[in-house]
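Summary of the model geometry
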Amino acid sequence: MIDLPGGAYTLREPVSWGKPAGPARSRIVYAAAHVVADPLGDNTPGSPAVVDWDATLRFRRHLWSYGLRIADAMDTAQRNMGLDWAACKQLIRSSADEARSFGDPVELVSFGAGTDHRPDAASVDEVVAAYTEQIETVQEAGAGVIVMASRQLARLASGPADYHAVYGKLLSVADRPVILHWLGEMFDPNLAGYWGSRDVEAATRSFLELVHAHAGMVDGVKVSLLDEEHEVRLRAALPEGVKLYTGDDFNYPSLIKSGSHALLGIFDAIAPAAAAALRALDTGDLARYDEIFEPTVALSRKIFEAPTYNYKTGIVFLAWLNGHQDAFTMVNGAQSARSLTHLSEVFRLADQAGLLADPDLAVSRMTSFLAVHGR
């Protein structure tokens, strides 16, 4: 039992999820992984990221052990929100090297390539050059490429033609098919109007035109718009062989069940349950699939509630509660982005979903956290 804001709470019995023999057979699934900040480093807002590399790589081994691929150096890792390009380059090289202990890095980890190291880019040509540098860094590491949405391109593009020109050049640079990422403005307000229009249907037409024109170099598209009906329509309109990786952290169980693959930040926090649900899907046990995933949705909706871009705080909080890192601290001081009551509800919902691996440790850490906040 623990005294949370709102009253005493009694924890459920812990769940033993077990480890899968390998990755899911019916879907390709990525967990977007967070980075662990060095608690002794200067990770105050605006300071260069100081990362605890041992803990960061240990967490990636944890995700691989559940049969998940990793999407790294993306928004879950605080790209554009504290993780600078210098730290990203080290993360790309270190994580790809670590993946070799498990298999082929291309099959285990893909990295976000963007333009964030050139915030002052003044033309679309400079955007192309910035993207190219990051794509080449990922390819040199021997890993997969995820072409992230660019704040700089969103600022400079005059319409769909600029997006098509930029992405056409990038796909000619890639040495293997890539994943294209459409990140909605709820995750990053700077990306409003991406693909050349603030109207989602017009943007979708532009996006599909691009994907159809370059289908041979597009492994899949990762869509993070939190709109289930739109995703289903988009999935049906993709060229044959191009996968849709859902990035919908509100509706992922139904979208995966109906045919989407996945690339999800919430899978960082719910990896054991996600792996078990995917095993059930592989065997056709849809009742068990639903039973496992259902309580995780309330947890995910809490973590990703508005302002959605602060979801990383809840992700890292759960990693700390579960003993994957020794401190609840984040680059750019982002541990302060959610309230005590919010994080207390995350604790409760994680327990109800069977995702507090060691309840005694979780209670001890939560008690300490409450005490620091005067509870």
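In case you missed it, the structure is sitting above this.
I will try to describe carefully the structure that is included in this document.

Reading the values: rules and limits
- Along each chain, residues carry numbers from 1 onward, in the same order as the chain's sequence is written.
- Predicted model: local features are reported for residues with pLDDT of at least 70 only, side-chain atom pairs are reported and counted for 80 or more only, and whole-chain, interface and lining totals are derived from all residues.
- For side-chain calculations, the full set of non-hydrogen atoms in the structure is used, while hydrogens and water are omitted.
- Strands here are runs of E lasting at least two residues and helices are runs of H or I lasting at least four, both read from the DSSP assignment and numbered beginning at the N terminus.
- Each radius of gyration reported is based on C-alpha atoms, and the globular scaling rule is 2.2 Å times the count of residues to the power 0.38.
- By definition, residues are in contact when any of their heavy atoms lie within 4.5 Å.
- When charges are counted, Lys and Arg are positive and Asp and Glu negative, with His and the chain ends excluded.
- Charged side chains are reduced to one point each, which is NZ for Lys, CZ for Arg, CG for Asp and CD for Glu.
- Pairing between two strands requires that DSSP report at least two bridges joining them.
- In this description, a line fitted to the C-alpha atoms serves as the axis of each element, helices being fitted only across the stretch in contact, and the angle between N-to-C directions of two axes falls anywhere from 0 to 180 degrees.
- By this rule, a helix spans an expected 1.5 Å times one less than how many residues it contains.
- Only protein chains enter the accessibility calculation, which uses a 1.4 Å probe; a residue is then buried when its area is under 20% of its type maximum, exposed when over 50%, and partly exposed in between.
- Handedness rule for crossovers: strands pointing away from the viewer, path from the first strand over the helix to the second running clockwise, crossover right-handed.
- Only buried residues count toward a nonpolar core. Its members are Ala, Val, Leu, Ile, Met, Phe, Trp, Tyr and Cys residues joined through side-chain atoms within 4.5 Å.
- Salt-bridge detection follows one rule: a side-chain nitrogen of Lys or Arg within 4 Å of a carboxyl oxygen of Asp or Glu.
- Side-chain rings of Phe, Tyr and Trp, where Trp is taken by its six-membered ring, are said to pair if the distance between their centres is within 6.5 Å; with planes under 30 degrees apart they count as stacked, over 60 as edge-to-face, and otherwise as tilted.

**Points about the overall build of the protein chain**
Within the protein chain, the regular secondary structure consists of 15 helices and ten strands. For a compact globule of 375 residues, the expected C-alpha radius of gyration is about 21 Å, and the protein chain comes in at 20 Å, within 12% of that figure. The principal-axis extents of the C-alpha atoms in the protein chain amount to approximately 60 × 50 × 40 Å. Across the protein chain, contacts joining residues at least 24 apart in sequence account for 72% of those joining residues at least 6 apart. For the protein chain, the separation between the mean place of its 33 positive charges and that of its 47 negative charges on side chains is 1 Å.

**Comments concerning the environment of D285**
If you trace the backbone, D285 turns up in the loop between α11 (271-282) and α12 (286-303). D285 sits 276 residues away from Y9 along the chain, and the two C-alpha atoms are 32 Å apart.

**Looking at the sheet that holds strand β5 (residues 109-113)**
With respect to topology, eight strands assemble into a closed barrel ordered β3-β4-β5-β6-β7-β8-β9-β10, the strand pairing being parallel. Recorded for the sheet is a direction-independent mean angle of 25° between the axes of neighbouring strands. Bridging between strand β8 (residues 218-224) and strand β9 (residues 243-246) involves four bridges; their strand directions are parallel. Residue pairing for β9: K222 is matched across the bridge by Y245.

**Looking at helix α6 (residues 160-173)**
Here α6 is 14 residues long and its end C-alpha atoms lie 20 Å apart, about the 20 Å a rise of 1.5 Å per residue gives. Taken together, the buried positions of α6 are occupied by Y163, H164, V166, Y167, G168, L170 and L171. Buried residues along α6 sit in contact with α4 (124-140), β6 (144-147), α5 (151-156), β7 (178-183), α7 (200-213) and β8.

**What about the pairing of β8?**
β8 sits mainly inside the fold: six of its seven residues count as buried. Where the polypeptide runs from β7 across α7 and back to β8, its parallel neighbour, the crossover connection is right-handed. For the segment spanning β8, helix α8 (residues 228-237) and β9, crossover handedness is right-handed.

**Observations concerning the nonpolar core**
Judged by nonpolar contacts, the single largest core of 126 residues is most densely connected at Y167, F267 and F347. Element by element, the count of residues in this core is highest for α11, at nine residues. Ignoring sequence-local partners within four residues, the contact set of Y167 consists of Y131, V147, M148, A149, L153, L180, Y194, W195 and L210. In terms of nonpolar packing, the next biggest core, distinct from the first, is built from eight residues, Y30, A32, I146 and I179 among them.

**Examining the pattern of salt bridges**
Tallying each qualifying case throughout the model produces 16 salt bridges. Between D290 and K257 there is a salt bridge; the shortest N-O distance is 2.9 Å. Of this pair, D290 sits in helix α12 while K257 is found in helix α9 (residues 252-258), placing the two residues 33 residues apart along the sequence. In this structure, R288 and E291 form a salt bridge, with 3.0 Å as the shortest nitrogen-oxygen distance. With R288 and E291 both in helix α12 and three residues apart, the pair spans about one turn of that helix. If you follow the salt bridges from partner to partner, you end up with R118, D120 and E126 in one network.

**Topic: unusual backbone geometry**
Omega for the bond connecting A306 with P307 falls within 30 degrees of zero, at -5°, which places this linkage in the cis form. Take P307: it is sitting in the loop between α12 and α13 (311-321). The residue Q78 is not glycine, and still its phi comes out positive at about 70°. Looking at the secondary structure, you find Q78 in the loop between β4 (69-72) and α2 (85-99). Phi at W195 takes a positive value of approximately 75°, unusual for a residue other than glycine. One can find W195 in the loop between β7 and α7. Residue class for W195 comes out buried when judged on its relative accessible area of 0%.

**Thoughts on the side chain of E98**
Summarising the element assignment, E98 is placed in helix α2. If we skip the residues at most four places from it in the chain, E98 touches L57, R61 and W64.

**Side note on the packing of aromatic side chains**
What the rule picks out here adds up to 23 aromatic pairs. On the numbers, 4.9 Å between centres and 50° between planes, the contact of Y167 with W195 is tilted. A residue pair is termed long-range when its members are at least 10 positions apart, and Y167 in helix α6 and W195 in the loop between β7 and α7 qualify at 28 residues.

**Focus on helix α15 (residues 359-372)**
With 14 residues, α15 should cover 20 Å at 1.5 Å per step; its first-to-last C-alpha distance of 20 Å lies within 8% of that length. Within α15, the full set of buried residues consists of P359, A362, V363, R365, M366, F369 and L370. Check the buried side of α15 and you find it contacts β1 (2-4), α13 and α14 (340-352).

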